[in-house]
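# Descriptive analysis of the structure
Chain residues, written in single-letter form:
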Amino acid sequence: MKLALFDFDGTLTNKDMFTKFIFFSATPVRLLLGIIFMSPLYLLYKMGVIPARKLRPFVSYCAFAGRDKQEVERLGVEYATKIIPRYLRPEMQHTLKQHQAEGTSIVVVSASLDLYLKPWCQIMGLELICSEMATKQIAKQEQMQALNQELKQELKQELKQELNQELKNSRYTGFYVAGDCSCEVKASKVSERFNLTDYSCIYAYGDTKEDLAMLAIADKAYMQGVRQY
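This report concerns the structure included in the present document. All chains use their own residue numbering, which begins from 1 and follows the written sequence. For a predicted model such as this one, the threshold for reporting local features is a pLDDT of at least 70, and the threshold for listing and counting side-chain atom pairs is 80 or more; totals across whole chains, interfaces and linings nevertheless cover every residue. As a convention, hydrogens and water are excluded, and side-chain values are obtained from all of the structure's heavy atoms.

### Let's talk about the overall build of the protein
Inclusion rule: The numbering of helices and of strands both runs from the N terminus, where a helix is a DSSP run of H or I of at least 4 residues and a strand a run of E of at least 2. Burial classes: relative accessible area under 20% of the type maximum marks a residue as buried, over 50% as exposed, and values in between as partly exposed (1.4 Å probe, protein chains only). We call two residues contacting when some pair of their heavy atoms lies within 4.5 Å. Per-residue and other accessible areas follow the Shrake-Rupley method at a 1.4 Å probe size, with only the shown protein chains counted as cover for residues.
Scanning the protein from N- to C-terminus turns up 10 helices and eight strands. Here the protein holds 229 residues, and the buried ones make up 46% of them. A sequence separation of at least 24 residues applies to 69% of the contacts in the protein between residues at least 6 apart. When the accessible surface of the protein is totalled, it reaches about 12,600 Å², and 54% of it is carbon and sulfur.

### Details of the pairing of strand E7 (residues 220-223)
The criterion, for reference: Note: two strands are recorded as paired if DSSP finds a minimum of 2 bridges between them.
Judged from the four bridges that link them, strand E6 (residues 201-206) and E7 form a sheet pairing that is parallel. Each residue of the ladder has a partner; that of alanine 204, found in E7, is alanine 221. Here E7 folds back onto strand E8 (residues 226-227) in antiparallel fashion, the turn holding two residues, of which glutamine 224 has a positive phi close to 55°.

### Section: the layout of surface pockets
Condition: A 1.4 Å probe that fits into a set of points on a 1 Å grid over the protein atoms alone but cannot get out defines a cavity; an open set with protein on both sides within 12 Å along at least five of seven lines defines a pocket, and lining residues are those with an atom within 4 Å of a point. Grid points are joined across faces, edges and corners, and a volume is the space filled by probe spheres set on the points. Nonpolar residues are Ala, Val, Leu, Ile, Met, Phe, Trp, Tyr, Cys and Pro. Charged residues are Asp, Glu, Lys and Arg, and all others, Gly as well, are polar.
In this structure, the largest pocket encloses a volume near 980 Å³. Contributing to the lining of the largest pocket are 37 residues, with Asp16, Phe18, Thr19, Tyr45 and Leu55 lying nearest its centre. Listing elements by their share of the lining of the largest pocket, those giving two or more residues are helix H1 (17-25), helix H2 (28-46), helix H3 (52-64) and strand E2 (105-113). Residue composition of the lining of the largest pocket, grouped by class: 17 nonpolar, seven polar and 13 charged.

### Notes on unusual backbone geometry
Of note, cysteine 183 is a non-glycine position whose phi angle comes to about 55°, a positive value. Mapping cysteine 183 onto the fold places it in the loop between strand E5 (172-176) and helix H9 (184-193). Here cysteine 183 falls in the buried class, since its relative accessible area comes to 12%. The phi dihedral of glutamine 224 falls on the positive side, at around 55°, and the residue is not glycine. As for its placement among the helices and strands, glutamine 224 is situated in the loop between E7 and E8. Relative accessible area serves as the criterion here: at 62%, glutamine 224 is assigned to the exposed category.

### Looking at the nonpolar core
In plain terms, the rule: We call a set of buried Ala, Val, Leu, Ile, Met, Phe, Trp, Tyr and Cys residues a nonpolar core when their side-chain atoms join them within 4.5 Å.
Judged by nonpolar contacts, the single largest core of 41 residues is most densely connected at Phe64, Ile84, Leu115, Tyr116 and Trp120. Looking at this core element by element, the count peaks at five residues for helix H6 (residues 114-124). Sequence-distant contacts of tyrosine 116, defined by excluding residues within four places in its chain, comprise Met17, Phe18, Phe21, Gly76, Tyr79, Ala80 and Ile84. Core analysis: the second largest hydrophobic core is formed by 17 residues, Cys181, Val190, Ile202 and Ala204 among them.

### Observations concerning H6
Every buried residue of H6 is accounted for by Asp114, Leu115, Tyr116, Leu117, Pro119, Trp120 and Cys121. Phi turns positive, to about 75°, at glycine 125, one or two residues after H6.

Put into structure tokens, the structure is as follows:
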């Protein structure tokens, strides 16, 4: 049994798909405000003062805080089906297909967002570990669990219906569920989900230093298409 781990932006694609999605999905007002307020941070990033993993959560907050979940999910599906295919690296598509033909378990491990990676991975038949945007739905689900334990039966149905309606109308908080999925977090999340000793060979593909920790847990590691060991 084999396992293949793929970074997304810059590895499977030839462009930064996180930034492209921000521009693709942002409303004109948010885009303008984001440019105004994020410019100092972006300048510090370009100067090397702050890393990308620190900048992304701020950008995500500006782009999605308070946004309707269903609307953003619709944009994510559209982006996954119409935009991402334009930027996939042909050579990496070939590598993916080779692994699939060999029955290898394939996982995309990325700091990019679940908003578009989830539908894309579903289309491609790939597993996914990535940065996830949080919604108020999580808090509502906890309320539902509390209801099941504490309320009398006659009150449950009415209140459940009210909470279910709120779930449908949920909005993004702008925060990540479990932080930016980069650097050591990539390796940690892979190790949490998979028992690595079950695999006879682990492959890992990346393109920046944010992927080094993931490459370190692999038997065969590739950086920018070049095998490291």
